[in-house]
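Tertiary structure, described
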Amino acid sequence: MERFTTTDLDLTQEPGTPRAFSAEGSIRRLWPVESRLFAAHLLRLDAEDRLLRFQGYRNDEAVDAYVESLDWFGGVVIAYFVAGEVRAAAHLSWTRGLVRTGEIGLSVEAPFRRRGVGTALLRRAMTVARNRFVSDVELLCMPENAAMRRVAAHLGLKWKIASGQAEAAARLRWPDQLSVFDEMLAETEGLVRSSFGPAKI
Ligand SMILES: CC(C)(COP(=O)(O)OP(=O)(O)OC[C@H]1O[C@@H](n2cnc3c(N)ncnc32)[C@H](O)[C@@H]1OP(=O)(O)O)[C@@H](O)C(=O)NCCC(=O)NCCS
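As the structure is a prediction and not an experimental result, all values here were calculated from the model.

1. Thoughts on the overall build of the protein
On a plain count of helices and strands, the protein comes out with 6 helices and 8 strands. Along its sequence from the N terminus, the protein presents helices and strands in the succession β-β-α-α-α-β-β-β-α-β-α-β-β-α. Look at the contacts in the protein between residues 6 or more apart in sequence, and 70% of them connect residues 24 or more apart. A total accessible area of about 10,600 Å² is found for the protein, and carbon and sulfur atoms account for 57% of it.

Given below as structure tokens:
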């Protein structure tokens, strides 16, 4: 019996919600030398948000330890930058070995919510996972976390409650030229936007 409700995800053909988000910042991969910006973002989350993000209480020391212990070869942090600060992030990590499974943790600071940032980060993280040959991605959250469940629903994921936790999983296709191009284009756009700001029309 499967633990999760697994959904086949083809991100290049399935923009269920608008691809663009109506926020002022930019999304790009975080570099390891920028890890303190990620820590600063997580430290700005209040106790309740940290509980939702980590499914357990985390004091400042535990948050620092989490960031310090990030495995940059087995994971990627995709960050949402506003004025040089990380205001939201998706941490994708995957198992080593022939068959790779991944997990994503998502956080958006309260003033930046409900603008599509969480959905945009999750979508980007799924594309990155696909391009790293991750076959299945799991999402875990507390059952009462309506916002997170809604975000995942934007990508067509279905949740299942088991052992007091909400769980969902996406089965990803193998990468193709389109998914690689998609990531490259998005990353370039993020770099340009974070260097020069959003285009003014
Ligand atoms: C979950 C979280 C990442 C969502 O970020 P976000 O940027 O607000 O996400 P989006 O704007 O893309 O979408 C949020 C959706 O949830 C809905 N939503 C927000 N709060 C809600 C609530 N209390 N009840 C029901 N729906 C809610 C929004 O209306 C929106 O749905 P819509 O676009 O269909 O209207 C953010 O709330 C967060 O960081 N929470 C704390 C950490 C956490 O819970 N992490 C998840 C576990 S890993």
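2. Points about the site of the ligand
In the vicinity of the ligand, 21 residues are found, and the nearest of them are Leu106, Val108, Thr119, Asn145 and Arg150. With respect to the ligand, the backbone of Gly118 contributes an N or O atom lying 2.9 Å from an oxygen atom. Taking Asn145, its side chain carries an N or O atom lying 2.7 Å from an oxygen atom of the ligand. When the ligand sits alone it has 960 Å² of accessible area, and the protein chains cover 78% of it. Counting only elements with at least two residues in the shell around the ligand, the list comes to helix H2 (47-54), strand E5 (100-108), helix H4 (117-131) and helix H5 (146-154). Of the residues that constitute the shell around the ligand, the class distribution is 8 nonpolar, 7 polar and 6 charged.

3. Quick word on a nonpolar patch on the surface
A cluster of nonpolar side chains, namely Val180, Phe181, Met184 and Leu185, defines an oily patch on the protein surface of about 390 Å² accessible area. You can see Met184 is positioned in helix H6 (residues 177-196).

4. So, the pattern of salt bridges
On inspection of all chains with the given rule, the structure shows 15 salt bridges. Where Glu68 meets Arg36, a salt bridge forms, and the shortest distance between an N and an O atom there is 3.6 Å. A residue pair is termed long-range when its members are at least 10 positions apart, and Glu68 in helix H3 (residues 60-68) and Arg36 in helix H1 (residues 35-44) qualify at 32 residues. What makes Arg36 partly exposed here is its relative accessible area of 43%. Overlapping salt bridges, with partners in common, bring together Arg44, Glu85, Arg87 and Glu109 in one network.

5. Re the nonpolar core
Among the nonpolar cores identified, the biggest contains 35 residues, and Tyr80, Ile104, Leu121, Leu122, Met126, Leu139 and Trp159 are the most heavily contacted of them. At the level of elements, strand E3 (75-82), strand E4 (85-94), E5, H4, strand E6 (134-141), H5 and strand E8 (165-172) are the ones that each hand at least two residues to this core. In terms of residue count, the dominant contributor to this core is H4 (8 residues). Residues in contact with Leu139, not counting those within four places in the same chain, are Ile104, Leu122, Met148, Ala152, Leu157, Trp159, Ala166, Glu167 and Ala168. Within the second largest apolar cluster, 14 residues are counted, among which are Phe38, Ala39, Leu42 and Phe81.

6. Here's the deal with the packing of H2 against H3
Following both chains from N to C, one finds H2 and H3 inclined at 40°, their axes separated by 12 Å at the closest point. The orientation of H2 with respect to H3, classified from their angle, is oblique. Handedness of the H2/H3 crossing: left-handed. Across the interface between the two elements, Arg50, Arg53 and Phe54 from H2 touch Asp60, Val63 and Tyr66 from H3. Partitioned by chemical class, the residues of the contact of H2 with H3 number 3 nonpolar, no polar and 3 charged.

7. Re the packing of H4 against H6
At their nearest, the axes of H4 and H6 sit 9 Å apart, and the two run at 130° to each other. One way to sum up the angle between H4 and H6 is to call them oblique. The element H4 and its partner H6 pack so that their crossing is left-handed. Contacts between H4 and H6 pair Arg124, Thr127, Val128, Arg130 and Asn131 from the former with Ser179, Val180, Asp182, Glu183, Ala186 and Glu187 from the latter. Among the residues making up the contact of H4 with H6, the classes are represented as 3 nonpolar, 3 polar and 5 charged.

Conventions and cut-offs
- Residues numbered from 1 in each chain as written.
- Predicted model: local features only at pLDDT ≥ 70, side-chain atom pairs only at ≥ 80, totals over all residues.
- Heavy atoms only, no water.
- Helix = DSSP H or I, 4+ residues; strand = E, 2+ residues; numbered from the N terminus.
- Contact = heavy atoms within 4.5 Å.
- Areas by Shrake-Rupley, 256 points an atom, 1.4 Å probe, with all protein chains shown as cover.
- Near = heavy atom within 4 Å.
- Polar contact = N/O pair within 3.5 Å; in protein donor to acceptor, adjacent residues only side chain to side chain.
- Nonpolar A, V, L, I, M, F, W, Y, C, P; charged D, E, K, R; others polar.
- Patch = residues over 30% accessible without salt bridge, like charges linked within 9 Å, V, L, I, M, F, W, Y side chains within 5 Å.
- Salt bridge = Lys/Arg side-chain N within 4 Å of Asp/Glu carboxyl O.
- Buried < 20%, exposed > 50% of the residue type's maximum accessible area, 1.4 Å probe, protein only.
- Core = buried A, V, L, I, M, F, W, Y, C linked by side-chain atoms within 4.5 Å.
- Axes fitted to C-alpha atoms, helices over the stretch in contact; angles between N-to-C directions.
- Parallel < 35°, antiparallel > 145°, perpendicular 65-115°, else oblique.
- Left-handed = near helix turned anticlockwise from the far one by under 90°.

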